[in-house]
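# Summary of the model geometry
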Amino acid sequence: MSSAAADAHGGAGMSWFMKVWGCLIVLTAAEVFLTYEQLRLEVMLFLLMGISIVKAALIIAYFMHLRYEKRSLFLTLIPAMVFVLVMMIVMFPDSFRIQTLRLISN
Amino acid sequence: MSESDVTINESSWSGGALPYAISSKKLGMWLFIVADSITFGAMLVAYAYLRVASPDWPVPFKFNPSIINATVMTLVLLSSSITMVAAVQAAKEGRIGACVKWMGATMLGGVLFDILHIREWLGLIHEGVRLFQNPWGSPLFGASFFSLTGLHMTHVTLGVIYLATVAIGFGRKKFSADDVEISGLYWHFVDLVWMFIFPLVYLISARVH
């Protein structure tokens, strides 16, 4: 284990993790606040997903210690996973189209 | 001999060395997490697809009780993650009693999350939501809502059982601090998934008026 990982588990580590936890709570509160701000659905979705990705990154980097592991682990796991998740979005144009298709079939 | 050592040090990928410098168990958990995030990703995409494709998708979640309940659930899960971090830290420092206590607190968070979630489910069922029908609109709402949140609740429940097993084993010195850390990875992942379900299922479907 690297010295950075040892530091993360050392005496000073916990206060840092508490700060990350505080950030996650504040971001959650921001999400709930945004929900009632009467934004357009697209803007809201964009903001909520953006905040959620930041929260996920904080959890992976600090709580799951990926930041303190060797970079090779990050490079093996995360880019491929993100690629697969992003590729799922290619389905979406069809979800807009399907309502028109349904009318034609009727 | 020394020459081959130099070669190994030059590149993590040259073979003969651990390229990730972690145990196989931990790598196994990471690979499971990647696979499981793709499962949840597919479920969320399917939910979003159905929602976009259905003009009468219901937005049934009132601020009180649903959004408040889901926000409290989020806070409970986030707090159970920080107690898990404390458990891992205690395990690394060899403080067995403290580790088991923190893991107990984490499990308590998981159980509380489940109780709040079941309360939410019962509320919706009481309002007439079923797998393929509801009083408001697209009948697929129930199917996607219950399968998505149900899969997550199953993960939380299995996580509590997993943590209990590891905590007992660590208390009896059968499991190592590494095992505690690996169970922590799983728990944080369950927390992470909820960070997407909460906005995409609840907040986007909040009844604002």
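One numbering rule holds for all chains: residues counted from 1, following each sequence as written. Lettering for chains starts from A, numbering for ligands starts from 1, and both go in the order in which the items are written. Reporting of local features is limited, given that this is a predicted model, to residues whose pLDDT is at least 70; pairs of side-chain atoms are given and counted only at 80 or more, and all residues count toward the totals for whole chains, interfaces and linings.

### So, the overall build of chain A
Heads up, the condition is: Secondary structure elements follow DSSP: runs of H or I of four or more residues count as helices, runs of E of two or more count as strands, with numbering from the N terminus. Labels follow a simple rule on C-beta atoms placed from the backbone: if 20 or more others lie within 10 Å of a residue's own, it is buried; if 12 or fewer, it is exposed; otherwise it is partly exposed.
If you tally the helices and strands in chain A, you get five helices and zero strands. Each helix (α) and strand (β) of chain A, taken in turn from the N terminus, gives the series α-α-α-α-α. In chain A, which comprises 106 residues, the proportion classed as buried is 18%.

### Overview of the overall build of chain B
When helices and strands are counted, chain B shows six helices and zero strands. Its helices and strands in sequence order give chain B the pattern α-α-α-α-α-α, from N to C terminus. If you line up chain B on its principal axes, its C-alpha atoms span 75 × 40 × 25 Å. The buried share among the 209 residues of chain B stands at 38%.

### Points about the confidence of the model for chain B
When pLDDT drops low, the exact placement of atoms in the prediction is not to be read closely. Here is the rule we go by: pLDDT expresses, on a scale from 0 to 100, how confident the predictor is about each individual residue.
Confidence in the prediction for chain B averages 92 pLDDT; 94% of positions are at 70 or higher. Across the assembled chains, the prediction reports ipTM 0.90 with pTM 0.90.

### Let's talk about the nonpolar core
How we decide: Residues enter a nonpolar core if they are buried, belong to Ala, Val, Leu, Ile, Met, Phe, Trp, Tyr or Cys, and are joined to the set through C-beta atoms within 7 Å.
Judged by nonpolar contacts, the single largest core of 59 residues is most densely connected at B:Ala87, B:Cys99, B:Met103, B:Leu185 and B:Val193. Every element with two or more residues in this core is listed here: helix 2 (13–35) and helix 3 (41–63) of chain A together with helix 2 (24–53), helix 3 (63–92), helix 4 (96–126), helix 5 (140–171) and helix 6 (177–202) of chain B. When residues of this core are assigned to their parent elements, the largest contribution, 16 residues, is made by helix 6 of chain B.

### Considering the packing of helix 3 of chain B against helix 4 of chain B
Residue and element names in this part refer to chain B. How we decide: Between N-to-C directions, angles span 0 to 180 degrees; the directions come from axes that are lines fitted to C-alpha atoms, helices contributing only their stretch in contact. The labels follow the angle: roughly parallel below 35 degrees, roughly antiparallel above 145, roughly perpendicular from 65 to 115, and oblique for the rest. For any pair of crossing helices, the crossing counts as left-handed if the nearer helix is rotated counterclockwise from the farther one by less than a right angle, and right-handed if it is rotated clockwise. In this classification, Asp, Glu, Lys and Arg are treated as charged, Ala, Val, Leu, Ile, Met, Phe, Trp, Tyr, Cys and Pro as nonpolar, and every other residue, Gly included, as polar.
Where helix 3 contacts helix 4, the two axes come as close as 8 Å, and the packing angle between them is 165 degrees. The pairing of helix 3 with helix 4 is recorded here as roughly antiparallel in orientation. Here helix 3 and helix 4 pass one another in a crossing that is left-handed. For the contact of helix 3 with helix 4, a count of residues per class yields 19 nonpolar, ten polar and two charged.

### Thoughts on unusual backbone geometry
With an omega dihedral of 10 degrees, the bond running from B:Asn64 to B:Pro65 counts as a cis peptide bond. Mapped onto the fold, B:Pro65 is located in helix 3. With phi around 60 degrees, A:His65 is a residue other than glycine that occupies positive phi space. With respect to the element layout, A:His65 can be found in the loop between helix 3 and helix 4 (71–87).

### Some thoughts on helix 3 of chain B
Spacing of three or four residues puts side chains on the same side of an α-helix, whose turn is 3.6 residues. Where we set the bar: Here a helix's expected span is defined as the number of its residues, less one, multiplied by 1.5 Å.
Look at helix 3 of chain B: 42 Å from first C-alpha to last across 30 residues, which is about the 44 Å you get at 1.5 Å a residue. In the segment just after helix 3 of chain B, B:Gly94 is the residue with positive phi, at about 75 degrees.

### What about the interface of chain B and chain A?
The following threshold applies: A pair of residues counts as a contact when their C-beta atoms, built from backbone coordinates, are within 7 Å of each other.
Counting from both sides, the interface comprises 38 residues of chain B and, opposite them, 39 residues of chain A. Contributing elements (two or more residues each) for the side of chain B that touches chain A: helix 2, helix 3 and helix 6 of chain B. The biggest single contributor to the side of chain B that touches chain A is helix 3 of chain B, with eleven residues. Here the side of chain B that touches chain A is composed, by residue class, of 28 nonpolar, eight polar and two charged.

### Quick look at helix 2 of chain A
In this model, helix 2 of chain A (23 residues) spans 34 Å end to end at C-alpha, consistent with the 33 Å of a helix rising 1.5 Å per residue. Residues of helix 2 of chain A that are buried include every one of A:Gly13, A:Trp21, A:Leu24, A:Thr28, A:Glu31 and A:Thr35, and no others.

### Overview of the packing of helix 3 of chain A against helix 6 of chain B
For the pair helix 3 of chain A and helix 6 of chain B, the least separation of the axes is 9 Å and the interaxial angle reads 175 degrees. Classified by the angle between their axes, helix 3 of chain A and helix 6 of chain B sit roughly antiparallel to one another. Where helix 3 of chain A abuts helix 6 of chain B, its residues A:Leu48, A:Ser52, A:Lys55, A:Ala56, A:Ile59, A:Ile60 and A:Phe63 lie against B:His188, B:Asp191, B:Leu192, B:Met195, B:Phe196 and B:Pro199. Taken together, the residues of the contact of helix 3 of chain A with helix 6 of chain B break down into nine nonpolar, two polar and two charged.

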